[in-house]
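Next come the chains, spelled out residue by residue.
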Amino acid sequence: MQVSWVRHRDIHLLTVGRYTYTSDQRFRAIHLPHSEDWTLQIKYPQHRDSGIYECQISTTPHMSHFIHLNVVEPTTEIIGGPELYIDRGSTINLTCVVLYSPEPPAYIFWNHNDAIISYDSPRGGVSVVTEKGETTTSFLLIQQARPSDSGTYQCNPSNAQSKSVVVHVLNEANSIFPLSGEYPAAMQRGGQTFSPHTHCILLAVMLLLAVS
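This report concerns the structure included in the present document. Quick caveat: nothing in here was measured; it's all calculated off a predicted structure. (Residues numbered from 1 in each chain as written. Predicted model: local features only at pLDDT ≥ 70, side-chain atom pairs only at ≥ 80, totals over all residues. Heavy atoms only, no water.)

### With respect to the state of the cysteines
Move 1: A complete count under the given rule lists one disulfide for this structure.
Move 2: Across the disulfide from Cys96 sits Cys155; the S-S distance is 2.0 Å. Disulfide Cys96-Cys155: the torsion about the S-S bond is -80 degrees, which places it as left-handed. Pair noted here: Cys96 is in strand S10 (residues 92–99) and Cys155 is in strand S15 (residues 151–157), with a separation of 59 residues, a long-range link. (Disulfide = S-S within 2.5 Å. Helix = DSSP H or I, 4+ residues; strand = E, 2+ residues; numbered from the N terminus.)

See the structure below:
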């Protein structure tokens with residue numbers, strides 16, 4: 001009995017038994033002696049590897065099992081970006097979300113104007129809460145917002161691209177928005193953001209590059 005793997009995108013025979021029939025060295029067939037598991041391993045998967053793979057078993061009658069592989073890349077989002085307008089004296093609440101990560105990031109750190117935020121700085125009132133899981137969320141809280149807190153804030157997960165948001169701390173007396181009737185895309189009041197609008201196994205080995 002032979003077990004083969006076929007990629008349906010180009011009807012390419014990838015493996016037969018433990019032998020590989022492709023020049024792409026990322027693909028490898030794995031079978032342990034006395035085991036009924038036949039594994040197709042794909043190292044460093046790419047978006048183009050997404051699609052249907054067929055595990056064929058040379059029985060009579062012929063048997064097949066289809067698996068749909070979806071290769072995703074971790075992404076980072078800051079809720080309410082790319083710009084936030086904050087009333088002076090309120091709490092800046094920035095929420096960074098890491099999506100589509102096969103495992104939670106080892107760490108997430110925040111920058112303000114390219115400098116790593118120190119939670120023990122003399123400014124005080126700065127804290128971070130990170131909740132790890134299938135979706136990882138990091139909350140940056142800055143109490144008693146002041147004009148010097150304005151600038152670019154960047155969320156930096158260990159396993160995904162960074163994301164930035166520009167924060168404007170407004171003096172209410174100088175704000176033109178209530179007079180003109182025009183409001184920015186996202187505003188925070190009291191720390192809240194408001195917006196008007198045989199077993200066959202397919203094994204994909206993820207390589208996650210830490211973003212420094």
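### Some details on the sheet that holds strand S2 (residues 12–16)
Move 1: Read from one edge of the open sheet, five strands run S3-S2-S1-S6-S7, paired in antiparallel fashion. At either end of the open sheet lies a strand with only one pairing partner, and these are strand S3 (19–20) and strand S7 (63–69).
Move 2: Across two bridges, the pairing between S2 and S3 is antiparallel. Its bridge partner being in S3, Thr15 is matched across the sheet by Thr20. (Pairing = 2+ DSSP bridges.)

### A short note on unusual backbone geometry
Move 1: The omega torsion of the bond from Thr60 to Pro61 falls at 0 degrees, within 30 degrees of zero and hence cis.
Move 2: With phi around 50 degrees, Tyr44 is a residue other than glycine that occupies positive phi space.
Move 3: Within the secondary structure, Tyr44 is located in the loop between strand S5 (37–43) and strand S6 (51–57).

### Digging into the sheet that holds strand S13 (residues 126–131)
Move 1: Taken in spatial order, the four strands line up as S8-S10-S14-S13 in an open sheet, and their pairing is antiparallel. Since the sheet does not close on itself, it has two edges, and those belong to strand S8 (75–78) and S13, each with one partner. Ignoring strand direction, the axes of neighbouring strands in this sheet form an average angle of 15 degrees.
Move 2: As judged from the six bridges shared by S13 and strand S14 (residues 136–142), these two strands associate in the antiparallel manner. The residue bridging Val128 from the neighbouring strand is Leu140, located in S14. (Axes fitted to C-alpha atoms, helices over the stretch in contact; angles between N-to-C directions.)

### Considerations on empty space enclosed by the protein
Sizing a probe to match a water molecule and rolling it over the atoms shows the empty space that remains.
Move 1: Of the pockets and cavities examined, the largest cavity occupies roughly 30 Å³.
Move 2: Together, Val3, Trp5, Thr15, Gly17, Ala29, Ile30, Trp38 and Thr39 line the largest cavity.
Move 3: For the lining of the largest cavity, the secondary-structure elements that each account for two or more residues are strand S1 (3–7), strand S4 (27–30) and S5.
Move 4: Taken together, the residues of the lining of the largest cavity sort by class into five nonpolar, three polar and no charged. (1 Å grid on protein atoms, 1.4 Å probe; cavity = no way out; pocket = protein on both sides within 12 Å on 5 of 7 lines; lining within 4 Å. Points joined across faces, edges and corners; volume = space filled by probe spheres on them. Nonpolar A, V, L, I, M, F, W, Y, C, P; charged D, E, K, R; others polar.)

### Regarding a nonpolar patch on the surface
Move 1: The grouping of Leu13, Tyr19 and Tyr21 at the surface amounts to a nonpolar patch, some 360 Å² of accessible area in total.
Move 2: Looking at the secondary structure, you find Tyr21 in the loop between S3 and S4.
Move 3: What makes Tyr21 partly exposed here is its relative accessible area of 47%. (Patch = residues over 30% accessible without salt bridge, like charges linked within 9 Å, V, L, I, M, F, W, Y side chains within 5 Å. Areas by Shrake-Rupley, 256 points an atom, 1.4 Å probe, with all protein chains shown as cover. Salt bridge = Lys/Arg side-chain N within 4 Å of Asp/Glu carboxyl O. Buried < 20%, exposed > 50% of the residue type's maximum accessible area, 1.4 Å probe, protein only.)

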